[in-house]
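# Geometric and topological summary
Below, each chain spelled out in residue letters.
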Amino acid sequence: PEAAYGLTKSMIRDNGPGMLFLPVKMMKDAKSTVFLDQCMPLNKAAVLHKASDASISSGKAVTVLTYLHGVREAENVIAEIQEEGMDIDLIELRSLKPLDVDTIRESLKKTHKLAILDESTYSGGVGTTLSAIISEEMFDELDAPVKRLCMDNAPVPYATSMETAVVKRGSDLVRGVAELVKKQW
C-alpha cells in the first residue's frame, strides 16, 4: 500500500500522463501503515532483497525482475532458493516507463544472470520488452541467456483454478534460478 500511495501521489504532482495498475488481490492482502506525506520517485525500482556476498562470489546469485503479483511470489520462495545454496537480487519494477536501467545494471554487474518473473504472455509481454532492452543495453554483463518466466501465448483464464495453472508462480522461479545457476539453458 505504501508504494501504491507514494506512486499515486507522485503521479498526481507530475504534469505528464500516468497509469497505475493495482491488482485487487494484492490490495486485499496488504495491511500496513501508509505515511501520508511520502511521495515515491516515478522512475525508481526497489531492491527488495540482495543476494549474499557468498552466493555472488560463487556464481550462484541471479537478478530477478518482477512486478505486481510476481513480487509476492518471489518473496515467498527466497528461503527455498537459499536452502538450495543459491540467492537472488529481487528487484520490484515500480515503473516500466521510464525503466530504472541503472538499478538493473548495478545488480547484473554482480550476478551476471537474469530471470524475469512476468504475468504477461511470452510474445509481446512486459518480459519480452525487458529482455530486449537488457540484451541490447547490458549484453556484456550477461553470462547466460535471459530466463523469461511468463505465460504461454494464450489468454488468461477467468477461473482461478485454470489461472493458477498458466500464470508462473514462485515454484517456477525456483526452477528457473536453478537452471541459470547450473547452466541448464
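The structure under discussion appears in the preceding block.
Please read all numbers here as calculations on a predicted model, not as lab measurements.

This paragraph deals with the pattern of salt bridges. All chains considered together, the criterion is met by 7 salt bridges. For Asp89, the salt bridge identified is with Lys110, shortest N-O distance 3.2 Å. You can see Asp89 sitting in strand E3 (residues 87–92) and its partner Lys110 sitting in helix H5 (residues 101–111), a full 21 residues away along the chain. Its relative accessible area of 2% is what places Asp89 among the buried residues. A residue is classified by how much of its surface remains accessible, and Lys110, at 30% relative accessible area, is partly exposed. Measuring nitrogen to oxygen at the nearest pair gives 3.1 Å for the salt bridge that ties Arg94 to Glu92. Under the relative-accessibility criterion, Arg94 is labelled partly exposed at 27%.

For Ser131, the position within the fold is in helix H6 (residues 126–137). We classify Ser131 as buried; its relative accessible area is 13%. Taking the C-alpha atoms as reference points, Ser131 and Asp152, separated by 21 residues in sequence, lie 16 Å from one another. Contacts of Ser131, omitting those with residues within four sequence positions, involve Ile116, Val146 and Arg148.

For Lys183, the position within the fold is in the segment after helix H8 (170–181). The class for Lys183 is exposed, based on a relative accessible area of 63%. Distance from Lys183 to Asp143, taken between C-alpha atoms, is 9.5 Å for residues 40 residues apart in sequence.

Turning our attention to the side chain of Ser55. Assignment of secondary structure puts Ser55 in helix H3 (residues 53–57). For Ser55, a relative accessible area of 6% puts it in the buried group. If we skip the residues at most four places from it in the chain, Ser55 touches Lys60, Ala61 and Asp87.

In this section: the nonpolar core. With 19 residues, the main nonpolar core has Val62, Val64, Ile81, Ile88, Ala115, Leu173 and Val177 as its most contacted residues. Of all the secondary structure elements, the ones that give two or more residues to this core are strand E2 (61–66), helix H4 (69–83), E3, strand E4 (114–121) and H8. Excluding its chain neighbours within four sequence positions, the residues that come into contact with Val62 are Asp87, Ile88, Asp89, Thr111, Lys113, Leu114, Ala115, Val177, Leu180 and Val181. Core analysis: the next-biggest nonpolar cluster, separate from the first, contains 16 residues, Leu93, Leu114, Leu142 and Val146 among them.

This part is about the packing of H4 against H8. Across the interface, H4 lies against H8 with an axial gap of 8 Å and an inter-helix angle of 50°. In terms of orientation, H4 and H8 fall into the oblique class. In this structure, H4 meets H8 at a crossing whose hand is right-handed. For the pair H4 and H8, contact is made by Glu73, Ala74, Val77, Glu80 and Ile81 and by Gly170, Ser171, Leu173, Val174 and Val177, respectively. The residue inventory of the contact of H4 with H8, partitioned by class, reads 6 nonpolar, 2 polar and 2 charged.

The subject of this paragraph is the packing of H5 against H6. The contact between H5 and H6 brings their axes to 12 Å, and the two run at 65°. For the crossing formed where H5 meets H6, the hand is right-handed. Here H5 contributes Val101, Ile104, Arg105 and Leu108 to the contact with H6, which in turn contributes Ile133, Ile134 and Glu137. Taken together, the residues of the contact of H5 with H6 sort by class into 5 nonpolar, no polar and 2 charged.

Cut-offs and rules
Residues numbered from 1 in each chain as written. Predicted model: local features only at pLDDT ≥ 70, side-chain atom pairs only at ≥ 80, totals over all residues. Heavy atoms only, no water. Salt bridge = Lys/Arg side-chain N within 4 Å of Asp/Glu carboxyl O. Helix = DSSP H or I, 4+ residues; strand = E, 2+ residues; numbered from the N terminus. Buried < 20%, exposed > 50% of the residue type's maximum accessible area, 1.4 Å probe, protein only. Contact = heavy atoms within 4.5 Å. Core = buried A, V, L, I, M, F, W, Y, C linked by side-chain atoms within 4.5 Å. Axes fitted to C-alpha atoms, helices over the stretch in contact; angles between N-to-C directions. Parallel < 35°, antiparallel > 145°, perpendicular 65-115°, else oblique. Left-handed = near helix turned anticlockwise from the far one by under 90°. Nonpolar A, V, L, I, M, F, W, Y, C, P; charged D, E, K, R; others polar.

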